[in-house]
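For reference, the chains in residue letters:
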Amino acid sequence: MPDLAALMDLFCLSEVCLLSDVIQHFVDEKLEFDSVYVYEDVKRSIDYVHKSGLLHRRILEEPAKYLVKSDGVVKLLRALKERGKRLFLLTNSPFPFVNGGMSYMFQEDAAQGESWRELFDVVIAHADKPNFYTSERPFRQYNFQRDVLAFNRVDKFQEHCVYYHGCLKSFIEITKWKGPEVLYLGDHLYSDLRGPSKAGWRTAAIIRELEREIGTQNEVTYRFQQAKYHFMHELLGRFHSMPLTGCRGNEKDLLMSLREERQNARAAMKAMFNPYFGSTFLTDTGKESAFSYNVQRYADVYTSKLENFLQQSSDAWLYTPFDVKILPHHIKVNPSSILKRYL
């Protein structure tokens, strides 16, 4: 729907909070407002904070407050490099911010005289994703010492250099990396993964919410409610097409009781995830959510953290089933086997 905005990553939480506060102010003050104007103004303000550099400067002033170090990520990148994998970094952020953040993340390496850029064969900043995947904008080499862009044509990527802008078409022509040979990782389905997926790259989605989802589904109370819901659903299915006009009173009461119990189980499962929105991956009826649907469309694999790939060999073959109705991490239970433990 054209009037709906997709808020798909962790950064969007602050955007949602700001939108909510502004709308709440209008409601409290009994002021009339148009929701489209509110969204556009908030979005414009957020864009300004980004493009002006205010946000980046504030983060780099106190990196420990805003950036979380991960030894696992550093270890993974080193392991991939040691195994002969070629790595590239593609980001919308300007290089001074990227360099400041990555230098903080790789602080121990910097103390030993090593730069984080030595791990990457190509570093591309100010990429303007998702337009990067469809435009034909040329690459510009970036001089990070003088903070200027070179005027010469970029027809190859030089070692440890930094590049701005560019497009997917030119990237493929320069690197000669074929689509299925590339695994691109990102945490935003639309800005990061949709374009590479359509271009034939393999894609991996980083979904932080996955850990909580799996933890909740492994709880005994959730599995019981899940089995109860499916059991009630199965019983109601046996009354399909039965005319209610000829039912006796106790039969109607039974049907209403089964529907109520199914609804109660559904509400209980939803509350275990989020009392307002429920599961990220499932609807109230146990079907895939819009987010889940797009994960299946644009991600070949998905995980909660980048360092989880340390548990796999760099040459591991990961199979993607095409006939799944729900995502692989969802727990499947046999209603009758679970209910026997409690009835």
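A brief look at the structure comes next.

What counts, and at which threshold
- Residues numbered from 1 in each chain as written.
- Predicted model: local features only at pLDDT ≥ 70, side-chain atom pairs only at ≥ 80, totals over all residues.
- Heavy atoms only, no water.
- Helix = DSSP H or I, 4+ residues; strand = E, 2+ residues; numbered from the N terminus.
- Buried < 20%, exposed > 50% of the residue type's maximum accessible area, 1.4 Å probe, protein only.
- Contact = heavy atoms within 4.5 Å.
- Areas by Shrake-Rupley, 256 points an atom, 1.4 Å probe, with all protein chains shown as cover.
- Pairing = 2+ DSSP bridges.
- Right-handed = clockwise from strand over helix to strand, strands pointing away.
- Phe/Tyr/Trp six-rings, centres within 6.5 Å; stacked < 30°, edge-to-face > 60°.
- Lys NZ or Arg CZ within 6 Å of the ring centre and 35° of its normal.
- Patch = residues over 30% accessible without salt bridge, like charges linked within 9 Å, V, L, I, M, F, W, Y side chains within 5 Å.
- Salt bridge = Lys/Arg side-chain N within 4 Å of Asp/Glu carboxyl O.
- Core = buried A, V, L, I, M, F, W, Y, C linked by side-chain atoms within 4.5 Å.
- Axes fitted to C-alpha atoms, helices over the stretch in contact; angles between N-to-C directions.

1. What to know about the overall build of the chain
Right, so step 1: Regarding its fold elements, the chain presents 14 helices and eight strands.
Right, so step 2: A burial count over the chain gives 37% of its 343 residues as buried.
Right, so step 3: Taking all contacts inside the chain whose residues are at least 6 apart in sequence as the whole, residues at least 24 apart take part in 67%.
Right, so step 4: On the chain, roughly 21800 Å² of surface is accessible, and the fraction owed to carbon and sulfur atoms is 53%.

2. Side note on the pairing of strand β7 (residues 202-206)
Right, so step 1: Counting buried residues along β7, four of its five residues qualify, which places the element largely inside the surrounding structure.
Right, so step 2: In terms of strand pairing, strand β6 (residues 183-186) meets β7 through four bridges, oriented parallel. Bridge pairing in β7 places L183 opposite R202.
Right, so step 3: In terms of handedness, the path from β6 via helix α9 (residues 189-198) over to β7 forms a crossover that is right-handed.

3. Side note on the packing of aromatic side chains
Right, so step 1: Evaluation of the coordinates by the stated rule reveals 21 aromatic pairs.
Right, so step 2: Here the aromatic rings of F88 and F171 are separated by 5.0 Å at their centres, their planes lie at 50°, and the arrangement is tilted. Remark: F171 occurs in helix α8 (residues 168-175) and F88 occurs in strand β1 (residues 88-90); sequence separation between them is 83 residues. By the burial criterion, F88 is buried, and F171 matches it.
Right, so step 3: Above the plane of the ring of Y104 lies K69, whose end atom (NZ or CZ) is 4.5 Å from the centre.

4. Here we look at unusual backbone geometry
Trans is the prevailing form of peptide bonds, just as negative phi is the prevailing case for residues other than glycine.
Right, so step 1: Cis rather than trans, the peptide bond between K129 and P130 has omega equal to 5°.
Right, so step 2: Turning to its location among the elements, P130 is positioned in the loop between β2 (122-125) and β3 (139-143).
Right, so step 3: The backbone of D147 sits at a positive phi, close to 60°, despite the residue not being glycine.
Right, so step 4: You can see D147 is positioned in the loop between β3 and β4 (148-149).
Right, so step 5: Under the relative-accessibility criterion, D147 is labelled exposed at 51%.

5. Structural notes on the environment of S314
Right, so step 1: Note on placement: S314 falls in the loop between β8 (301-303) and α14 (335-339).
Right, so step 2: Through-space distance from the C-alpha of S314 to that of G84 is 9.8 Å; in sequence the pair is 230 residues apart.
Right, so step 3: Ignoring sequence-local partners within four residues, the contact set of S314 consists of L80, R83 and K85.

6. Quick look at a nonpolar patch on the surface
Right, so step 1: On the surface, I23, V27 and F33 cluster together into a nonpolar patch covering about 230 Å² of accessible area.
Right, so step 2: Assignment of secondary structure puts F33 in the loop between α1 (12-28) and α2 (35-51).
Right, so step 3: Overall, F33 belongs to the partly exposed group, its relative accessible area being 35%.

7. Some details on the nonpolar core
Right, so step 1: Core analysis: the biggest nonpolar cluster contains 31 residues, and F88, L90, F132, F139, F157 and F171 have the highest contact counts within it.
Right, so step 2: Every element with two or more residues in this core is listed here: β1, β2, α8, α9 and α13 (290-298).
Right, so step 3: Among residues more than four places away in sequence, those in contact with F171 are F88, V122, I124, F132, F139, F157, K176, W177 and W201.
Right, so step 4: Of all hydrophobic cores here, the second largest spans 17 residues; its members include V74, L77, M102 and V162.

8. Description of the pattern of salt bridges
Note that side chains of opposite charge can pair when their charged atoms are close.
Right, so step 1: What the rule picks out here adds up to nine salt bridges.
Right, so step 2: The partner of E61 in a salt bridge is R58, with the nearest N and O atoms 3.5 Å apart. Residue E61 and its partner R58 are located together in helix α3 (residues 54-61), separated by three residues, close to a single helical turn.
Right, so step 3: By relative accessible area, R58 is classed as partly exposed at 35%.
Right, so step 4: Salt-bridge contacts for K81 lead to D121; the nearest nitrogen and oxygen are separated by 2.9 Å. Of this pair, K81 sits in helix α5 (residues 71-82) while D121 sits in the loop between α7 (107-111) and β2, and the two are 40 residues apart along the sequence.
Right, so step 5: Residue class for K81 comes out partly exposed when judged on its relative accessible area of 27%.

9. With respect to the sheet that holds β4
Right, so step 1: Pairing in this open sheet of five strands is mixed, and the strands run β1-β2-β5-β3-β4 from one edge to the other. The sheet is open, and its two edges are formed by β1 and β4, each paired on a single side.
Right, so step 2: Bridge analysis of β1 against β2 gives three bridges, and the strand direction is parallel. For L89, the partnering residue across the bridge sits in β2 and is V123.
Right, so step 3: On top of the sheet, helix α6 (residues 95-105) reaches β1, β2, β3 and β5 (162-165); it is set at about 135° to β5, its chief contact.
Right, so step 4: Lying on the sheet, α8 is in contact with β1, β2 and β3; it crosses β3 at an angle near 80°.

Just geometry here; none of it tells us what the structure is for.
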